[in-house]
Amino acid sequence: MLNGNVLDGKALASKVRTEVKERVDAFISRHGRAPGLDVILVGENAASVVYTRNKEKAAKEVGIRGVLHTLAGATTEAELLKKIDQLNRDPNVDGILVQLPLPKHINEMRVLDAIDPGKDVDGFHPINAGLLSSGRPSLVPCTPMGCMRLLAEADVSLEGANAVVLGRSNIVGKPVAQLLLHKHATVTIAHSRTRDLPALCRTADVLVAAVGRAELVRRDWVKAGAVVIDVGINRVVREGKSVLVGDVLFEEVKEVARAITPVPGGVGPMTIAYLLSNTVDAAVARAAT
Ligand code: GUN
């Protein structure tokens, strides 16, 4: 999955989806039903419409029963909570994902807390966050899972390595830091208030960038031979055209990194692959109880 020093997330995601499909087939033979993933979209945020359709389509492609529930932008919090309650009780539903961001009149925390932790395939419920930080089995957020698989595929030795995570979000920064720690890396979480960010990043053997700042990380921020995972997806205008770039200035950093993920085609495809994987994990765990 390494082309030169570029980590091909698209090819690796395809391999992960094949592994998931095999587990889906085994689940169906054993339990006589397909694992189910229900995705809820509230409103019409253009990016969210595309993301949720892709999730539904990817689920179906591996044999998961994928359903997209599209609710009007004016849906109340109480109505959304009722929908979640229905899905929590439905035995054929293994995974529930509420697409973020939610409209402003809905309290995101109350909604995420309402999802059955056993069906929380995003791994955003505080029960799952707590289990992860205690090093106990749980549903783990999809993007961090994808980052770790990319590192495994690049044969990166994490034990004792200096890992710097740029960004402290609940979705990526904090969980990926936990996973790196479980693999015995020495982990530093950096953020917008960190002093001398370039100097800190230069200490990294593994650098995970998840801050949402277009091309923040430059060549002179990166130690020669470091492995760089770019989680950023930033839309910028270049020569009159809208393009996607990461948090890392790819063309520069590719010259010094031992391995680097591109944007697009790096972490992005891995996130959806691990959503499918989490759905099968949830289905298997639920079937065992
Ligand atoms: N919006 C952007 N990324 C994500 C994600 O991973 N999960 C959910 N639920 N919403 C998102």
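A brief structural summary. Just so we're clear, the structure is a prediction, and the values are computed from it rather than from any experiment. (Residues numbered from 1 in each chain as written. Predicted model: local features only at pLDDT ≥ 70, side-chain atom pairs only at ≥ 80, totals over all residues. Heavy atoms only, no water.)

Before going further, it helps to examine the overall build of the protein. Counting secondary structure elements, the protein contains 10 helices and 12 strands. Referenced to the eigenvectors of the C-alpha coordinate spread, the extents of the protein come out at roughly 50 × 40 × 35 Å. Relative to its full complement of 289 residues, the protein shows a buried share of 48%. Sequence separation of at least 24 residues holds for 69% of the intrachain contacts in the protein that already meet a minimum separation of 6. Across the protein, the 36 positively charged side chains and the 32 negatively charged ones have centroids separated by 1 Å. (Helix = DSSP H or I, 4+ residues; strand = E, 2+ residues; numbered from the N terminus. Buried < 20%, exposed > 50% of the residue type's maximum accessible area, 1.4 Å probe, protein only. Contact = heavy atoms within 4.5 Å. Lys, Arg positive; Asp, Glu negative; His and termini not counted. Charge placed at Lys NZ, Arg CZ, Asp CG, Glu CD.)

Pairing within the open sheet is parallel, and its 3 strands lie in the order β4-β3-β5. A single partner strand is all that each edge strand has here, and the edge strands are β4 (65-71) and β5 (95-98). In this sheet, adjacent strand axes meet at a mean angle of 15° when their direction is disregarded. Here strand β3 (residues 36-42) pairs with β4 via 7 bridges, running parallel. Directly across from G36, in β4, lies its bridge partner R65. Sheet contacts for helix α3 (residues 77-89): β3, β4 and β5; angle to β3, the most-contacted strand, approximately 180°. (Pairing = 2+ DSSP bridges. Axes fitted to C-alpha atoms, helices over the stretch in contact; angles between N-to-C directions.)

The local shell around the ligand consists of L97, V98, Q99, L100, D122 and F124. In this structure, V98 approaches the ligand through a main-chain N or O atom, which is 2.8 Å from a nitrogen atom. Between the ligand and Q99 there is a distance of 3.2 Å, counted from a nitrogen atom to a side-chain nitrogen or oxygen. For the ligand, the accessible surface in isolation is 280 Å², of which the surrounding protein chains cover 77%. Cavity membership is defined here by more than half of the atoms lying within 2 Å of grid points; on that basis the ligand lies in the largest pocket. In terms of residue class, the shell around the ligand is built from 4 nonpolar, 1 polar and 1 charged. (Near = heavy atom within 4 Å. Polar contact = N/O pair within 3.5 Å; in protein donor to acceptor, adjacent residues only side chain to side chain. Areas by Shrake-Rupley, 256 points an atom, 1.4 Å probe, with all protein chains shown as cover. 1 Å grid on protein atoms, 1.4 Å probe; cavity = no way out; pocket = protein on both sides within 12 Å on 5 of 7 lines; lining within 4 Å. Sits in = over half its atoms within 2 Å of the grid points. Nonpolar A, V, L, I, M, F, W, Y, C, P; charged D, E, K, R; others polar.)

As a further point, take the packing of helix α6 (residues 142-153) against helix α7 (residues 173-182). In contact at an axis separation of 9 Å, α6 and α7 are set at 40° when each is read in the N-to-C sense. Classified by the angle between their axes, α6 and α7 sit oblique to one another. As for the relative orientation of α6 and α7, their crossing is right-handed in sense. Residues P144, M145, C147, M148 and L151 of α6 lie in contact with α7, whose contacting residues are P175, V176, L179 and L180. A breakdown of the residues in the contact of α6 with α7 according to their chemical character gives 9 nonpolar, no polar and no charged. (Parallel < 35°, antiparallel > 145°, perpendicular 65-115°, else oblique. Left-handed = near helix turned anticlockwise from the far one by under 90°.)

Formed by 49 residues in total, the largest nonpolar core has its most connected members in I64, L151, L180, V208, I229 and V231. Among the elements that line this core, the one with the most residues is helix α10 (residues 267-287), at 9 residues. Leaving out residues up to four positions away in the same chain, I229 has contacts with L7, C147, L150, L151, L207, V208, A209, T261 and V267. Counting 19 residues, the second-largest nonpolar core is a separate cluster that includes A190, C201, A204 and V253. (Core = buried A, V, L, I, M, F, W, Y, C linked by side-chain atoms within 4.5 Å.)

Our next topic: the pattern of salt bridges. In total, this model carries 17 salt bridges according to the counting rule given. The partner of K15 in a salt bridge is E153, and the shortest N-O contact between them spans 2.8 Å. Highlighted residues: K15 in helix α1 (residues 9-31) and E153 in helix α6, separated in sequence by 138 residues. Of the residues examined, K15 reaches a relative accessible area of 33% and is grouped as partly exposed. We note a salt bridge from K223 to D205, for which the minimum N-O separation is 2.8 Å. Separated by 18 residues along the polypeptide, K223 in the loop between β8 (206-209) and β9 (227-230) and D205 in the loop between α8 (197-201) and β8 bring together distant segments of the chain. A network of salt bridges, in which partner residues are shared, links K15, E19, R149 and E153. (Salt bridge = Lys/Arg side-chain N within 4 Å of Asp/Glu carboxyl O.)

What the largest pocket holds in volume is close to 1,400 Å³. Broken down by secondary-structure element, the contributors of at least two residues to the lining of the largest pocket are α1, α2 (46-61), β5, α6, β10 (234-238) and α10. For the lining of the largest pocket, the leading source of residues is α2, giving 9 residues. Along the lines of polarity and charge, the residues of the lining of the largest pocket split into 27 nonpolar, 12 polar and 9 charged. Reported here for the second largest pocket is a volume of approximately 410 Å³. Taken together, 21 residues make up the lining of the second largest pocket; nearest its centre are G123, F124, A129, N170 and I171. Of all the secondary structure elements, the ones that give two or more residues to the lining of the second largest pocket are α4 (108-114), α5 (126-133) and α7. Looking at which element gives the most residues to the lining of the second largest pocket, the answer is α5, with 5 residues. (Points joined across faces, edges and corners; volume = space filled by probe spheres on them.)

These values are about where atoms sit, not about what they do.
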